Amino acid sequence: MYRQPSLRALGLLIASSMLSAAAAETAPDPIAVKAIAEVEQPVHERGRDTNKLAAAERVVSGDAVIYTLEVRNTAATTVPAPTVIFPVPEHMIYTADSAVGPATQVTYSVDGGRTFDVPENLKIAQPGGEPREATAADYTHIRWQLKNALKGNSVAFVRFRARVK
C-alpha cells in the first residue's frame with residue numbers, strides 16, 4: 001500500500017537534495033592541469049646528433065613550442081573519463097594534427113571554448129559570405145576527452161605543439 005510522505009518528510013527530502021546539489025556545485029575539481037612549455041634543442045652526445053627538450057624560457061617569432069599537460073587526479077578516488085580543455089596560448093598558433101594523448105578523443109574550438117568538434121566540421125563565419133573551413137590557425141582551445149578512468153592520485157599526459165606568431 002502506497003503512503004504519501006508527510007510534509008515534514010517531504011521538506012527534509014527537498015532540503016537534503018538541495019544540500020547535495022549545492023555540495024556538488026561547490027566541490028573542488030579533483031583534476032589539476034599543469035602545463036609545461038618546452039623547445040627542442042639540438043645536442044651532440046656520444047658521437048650522435050639528437051634533440052632534447054628544454055624549458056621554453058625565451059622564444060621568438062617562428063619558434064616551435066611543445067606543450068605537455070600533466071593531468072593529475074588529486075583525489076583518492078577514481079575520476080571516470082575526465083575531460084581536459086586547454087586554450088591555445090596567446091601569441092601562439094596551434095600546429096595541425098599535433099594534439100595527442102593515449103586513449104583520448106581530441107576536438108577543437110574556434111569560438112573561445114564554447115563549442116568543440118573535429119577539424120572537418122569546424123567553420124569560421126565570413127563577413128557577408130559563406131562560412132569557410134577552419135584551419136589550425138583558427139583554433140582557440142583544445143579538448144582531450146580521456147576514454148579511461150583516471151585512478152586516484154595518478155597522472156595522465158597529453159601534448160600539443162604550437163608556433164610563436
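As shown above, the structure is provided for reference.
Residues numbered from 1 in each chain as written. Predicted model: local features only at pLDDT ≥ 70, side-chain atom pairs only at ≥ 80, totals over all residues. Heavy atoms only, no water.

K.L.:
An account of the nonpolar core is needed here, citing residue identities and associated values.
P.N.:
Ranked by size, the top nonpolar core spans 30 residues in total, and within it Y94, A99, Y108, Y139, I142, W144 and F160 carry the most contacts. Of all the secondary-structure elements, those providing two or more residues to this core are β1 (31–45), β3 (64–73), β4 (83–87), β5 (92–94), β6 (104–109), β9 (141–146) and β10 (155–164). The element best represented in this core is β10, accounting for five residues. Residues within four places of Y139 in sequence aside, it is in contact with V88, Y94, Y108, S109, V110, P119, L122 and A134. (Core = buried A, V, L, I, M, F, W, Y, C linked by side-chain atoms within 4.5 Å. Buried < 20%, exposed > 50% of the residue type's maximum accessible area, 1.4 Å probe, protein only. Helix = DSSP H or I, 4+ residues; strand = E, 2+ residues; numbered from the N terminus. Contact = heavy atoms within 4.5 Å.)

K.L.:
Before we move on, can you summarise the sheet that holds β4 with the specific residues and values?
P.N.:
An order of β4-β9-β6 is seen for the three strands of this open sheet, with the pairing classed as antiparallel. One side of each edge strand has no neighbouring strand; the edge strands of this open sheet are β4 and β6. Within the sheet, the average angular offset between the axes of one strand and its neighbour, ignoring direction, is 20°. (Pairing = 2+ DSSP bridges. Axes fitted to C-alpha atoms, helices over the stretch in contact; angles between N-to-C directions.)

K.L.:
Give me the sheet that holds β3: which residues, what numbers.
P.N.:
Across the sheet, five strands lie side by side as β2-β1-β3-β10-β5; this open sheet has antiparallel pairing. Looking at which strands have only one partner, the edges of the open sheet turn out to be β2 (48–55) and β5. The average undirected angle you get between the axes of adjacent strands in this sheet is 40°. Alignment of β3 against β10, held across nine bridges, turns out to be antiparallel. Bridge pairing links I66 to R161 in β10.

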